[in-house]
Amino acid sequence: MLKSVESNMANSEVEPLLKPLLRDWLSKQHGFIQLTAGSKQSEQAPEQTSVTVLEVWRGGGVISENPWEDIDVALGSVSLRPGESLPQITFEEKATGKSLRLLPRSSRRKRVAWGAGDEVVEIWDGDLLDAMKRAADVASRKYGMKHYWETCWPQLSNNELVTSPPLTVGLCSATMNRLWQLRVALPLTLLHCWAHRS
């Protein structure tokens, strides 16, 4: 199981530009991923004491009280590099050697876009993952509904389980006086359908 971010942070201070990335994400290409503070420092500035590299892991982690099988896979690293006018944040995939740059104009605090040039190639979403966690908690506590995290978790952690069904389903809902549906039912529906996305 991955080290907790708190214990990892105690050993070293992470560069302020990288701190917002130090969390769990739902990746478009890799499913559930987790970032932890890396141990190596930048080769360009060996005297720098703050961490400028984050390790990127797929799978593993604990979403609720129930532990799941440890399926951590090292995907690569996110690093802070000096740029021409501003520092650049890059994501380097371990398996392919592909390097993507954070696209600030297409990114928000909880939704990060990565690309080559100006084209978005990969997206990491923290809002959807947070909404799924909250919805599962509210569904079980307030409404007594079973959320099926144990069944759906492998779909988030392993993109090899993604299927392409021959049928498509449209989701339509009137939202007037139905905020609870947007907060609870919609994130859980997306969680349950995650393996069948296209």
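Since we're looking at a predicted model, the values are computed, not measured.

Rules used in this analysis
- Residues numbered from 1 in each chain as written.
- Predicted model: local features only at pLDDT ≥ 70, side-chain atom pairs only at ≥ 80, totals over all residues.
- Heavy atoms only, no water.
- Helix = DSSP H or I, 4+ residues; strand = E, 2+ residues; numbered from the N terminus.
- Contact = heavy atoms within 4.5 Å.
- Areas by Shrake-Rupley, 256 points an atom, 1.4 Å probe, with all protein chains shown as cover.
- pLDDT = per-residue confidence, 0-100.
- Pairing = 2+ DSSP bridges.
- Axes fitted to C-alpha atoms, helices over the stretch in contact; angles between N-to-C directions.
- Salt bridge = Lys/Arg side-chain N within 4 Å of Asp/Glu carboxyl O.
- Buried < 20%, exposed > 50% of the residue type's maximum accessible area, 1.4 Å probe, protein only.

Participant: I'd like a description of the overall build of the protein, backed by residues and values.
Facilitator: Looking only at helices and strands, one finds four helices and eight strands in the protein. A sequence separation of at least 24 residues applies to 51% of the contacts in the protein between residues at least 6 apart. When the accessible surface of the protein is totalled, it reaches about 11,900 Å², and 54% of it is carbon and sulfur.

Participant: Explain the confidence of the model for the protein to me, and be specific about the residues and the numbers.
Facilitator: When pLDDT drops low, the exact placement of atoms in the prediction is not to be read closely. Looking at the protein as a whole, its pLDDT mean stands at 78, while 77% of the residues score no less than 70. Confidence scores differ between elements of the protein, with helix α1 (residues 5-11) showing the lowest mean pLDDT of 42 and strand β6 (residues 99-102) the highest of 95. Taken as a whole, residues 61-70 scores under 50 in pLDDT and shows 18 contacts with residues more than four places along the chain or in a different chain.

Participant: Before we move on, can you summarise the sheet that holds strand β1 (residues 24-27) with the specific residues and values?
Facilitator: One closed barrel holds the eight strands; their spatial order is β1-β2-β3-β4-β5-β6-β7-β8, and the pairing between them is antiparallel. Sheet twist, expressed as the average angle between the axes of neighbouring strands with direction ignored, equals 35°. Two elements, strand β4 (residues 73-81) and strand β5 (residues 88-93), share six bridges in a ladder whose sense is antiparallel. In the sheet register, arginine 81 faces β5, and the bridge partner there is glutamine 88.

Participant: Give a detailed account of the pattern of salt bridges, specifying residues and quantitative values.
Facilitator: Summed over all chains, the structure comprises nine salt bridges. The shortest N-O distance in the salt bridge between arginine 81 and glutamate 92 comes to 1.9 Å. Of this pair, arginine 81 sits in strand β4 while glutamate 92 is found in strand β5, placing the two residues eleven residues apart along the sequence. Judged by relative accessible area, which is 25%, glutamate 92 ranks as partly exposed. Through salt bridges with shared partners, a single ionic network connects Arg23, Lys110 and Asp130.

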